[in-house]
Amino acid sequence: MSATLWLAIDTATDVASVALGAGVAVRAQESTRGARRHAAEIVPLIDRVLKTGGCRAADLAGVVVADGPGSFTGLRIGWAAAKALVQAADVPLRTIPSLMAAAAALARDGETGPVAACYDALRGQVYGAVYRFHADAVEALVAPGVFTLDELAQRTTARPRVVPLDDLALNAVQLLSLMNRAGAARPLPDPMTAEPTYGRPAEAQAKWEARHGRALPHPPGTSG
């Protein structure tokens, strides 16, 4: 099999999605809703997508994983799965912000933007970003970060839109569609030491360690 197929993984929100394909040609896709289910279901999701798409991990051209900011635990789970897969299959790893995928889905056909997408970050804040889309490129007008809606609105002429959870089931599909656009995918030359952009990592880590009474372990295959 020609190594042209990429596996996309997005676990940055309450919806985890996995897709297999090349660009806009999608072979298979799966999603599950509920952040507490990500750890138990991400590997079965990947296995089902690969089986449905008729592809072995060793046949992949590579893996693209969604970057944050987003759910601290969700991002760790998705990145751990992606790292394990690229290590076992000896394929490259790339990352694209989950918010870019969500913004691409919000953009209407032919719309260049700006498109402001955001996820609920609780406590009156959102994880947000603003993008302009072109046929072969993506511009980040406001880089992904943590804002109030008012703060995000002040940075763009676009009306910030909180992405409905139902729309996030296709985020992995959007990651695939963005792969070949300039300014979208970022290669990770050393996947095993790469870490996602969490948004509020220090606070999330402190809460985890307080709850479990020990230091936060690194996912399998990572260092630190």
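Residues numbered from 1 in each chain as written. Predicted model: local features only at pLDDT ≥ 70, side-chain atom pairs only at ≥ 80, totals over all residues. Heavy atoms only, no water.

Novice: Help me out: how do you make sense of the overall build of the protein in this one?
Specialist: Along the backbone of the protein there are six helices and ten strands. Residue burial in the protein is summarised as follows: out of 224 residues, 51% are buried. When contacts within the protein are restricted to residue pairs at least 6 apart in sequence, those whose partners lie at least 24 apart make up 65%. Approximately 10500 Å² of the protein is accessible, and the part contributed by carbon and sulfur atoms is 52%. (Helix = DSSP H or I, 4+ residues; strand = E, 2+ residues; numbered from the N terminus. Buried < 20%, exposed > 50% of the residue type's maximum accessible area, 1.4 Å probe, protein only. Contact = heavy atoms within 4.5 Å. Areas by Shrake-Rupley, 256 points an atom, 1.4 Å probe, with all protein chains shown as cover.)

Novice: For this particular structure, what's the right way to read the nonpolar core?
Specialist: For soluble globular proteins, nonpolar side chains are generally found buried alongside one another. V64, M100, Y131, F133 and L178 are the most contacted members of the largest nonpolar core, which totals 34 residues. Among the elements of the structure, β1 (6-10), β2 (15-22), β4 (62-67), α3 (98-106), β6 (115-122), β7 (125-133) and α5 (171-178) are those that each provide at least two residues to this core. Ranked by the residues each element gives to this core, the list is headed by α3, at seven residues. Residues in contact with F133, not counting those within four places in the same chain, are M100, A103, A104, A107, E111, T112, V115, V138, L178 and R181. Of all hydrophobic cores here, the second largest spans 32 residues; its members include L5, L20, I42 and V65. (Core = buried A, V, L, I, M, F, W, Y, C linked by side-chain atoms within 4.5 Å.)

Novice: Sorry, what's going on with the pairing of strand β5 (residues 93-97) here?
Specialist: A regular strand carries its side chains on alternate faces of the sheet. Summarising burial for β5: four of the five residues are buried, a large majority. Inspection of the sheet shows β4 paired to β5 by five bridges, in the parallel sense. Bridge pairing links V64 to R94 in β5. Note on the crossover from β4 through helix α2 (residues 72-89) to β5: the handedness is right-handed. (Pairing = 2+ DSSP bridges. Right-handed = clockwise from strand over helix to strand, strands pointing away.)

Novice: Before we go on, may I ask you to explain the environment of A172 in this structure?
Specialist: As for its placement among the helices and strands, A172 is situated in helix α5. By relative accessible area, A172 is classed as buried at 1%. Taking C-alpha positions, A172 is 8.4 Å from V65, a pair spaced 107 residues apart along the chain. Each residue touching A172, except ones within four places of it in the same chain, is listed here: A8, D10, S17, V18 and A19.

Novice: What should I look at first to understand α5 in this one?
Specialist: Two residues of an α-helix separated by three or four positions point the same way, owing to the 3.6 residues in each turn. Among the eight residues in α5, seven count as buried, and that is most of the element. For α5, the set of buried residues is N171, A172, V173, Q174, L175, L176 and L178.

Novice: Explain the sheet that holds strand β3 (residues 25-33) here, please?
Specialist: Hydrogen bonds along the backbone pair up the strands of a sheet, which may run parallel or antiparallel. Read from one edge to the other, the open sheet built from six strands follows the order β3-β2-β1-β4-β5-β10, with strand pairing classed as mixed. The sheet is open, and its two edges are formed by β3 and β10 (186-187), each paired on a single side.

Novice: Whenever I open this one, the pairing of β3 confuses me. Can you help?
Specialist: Here eight bridges tie β2 to β3, and the two strands are oriented antiparallel to one another. Looking across to β3, one finds that A22 is bridged to A25. In this antiparallel pair of consecutive strands, β2 and β3, the connection spans two residues, and G23 shows a positive phi of 65°.

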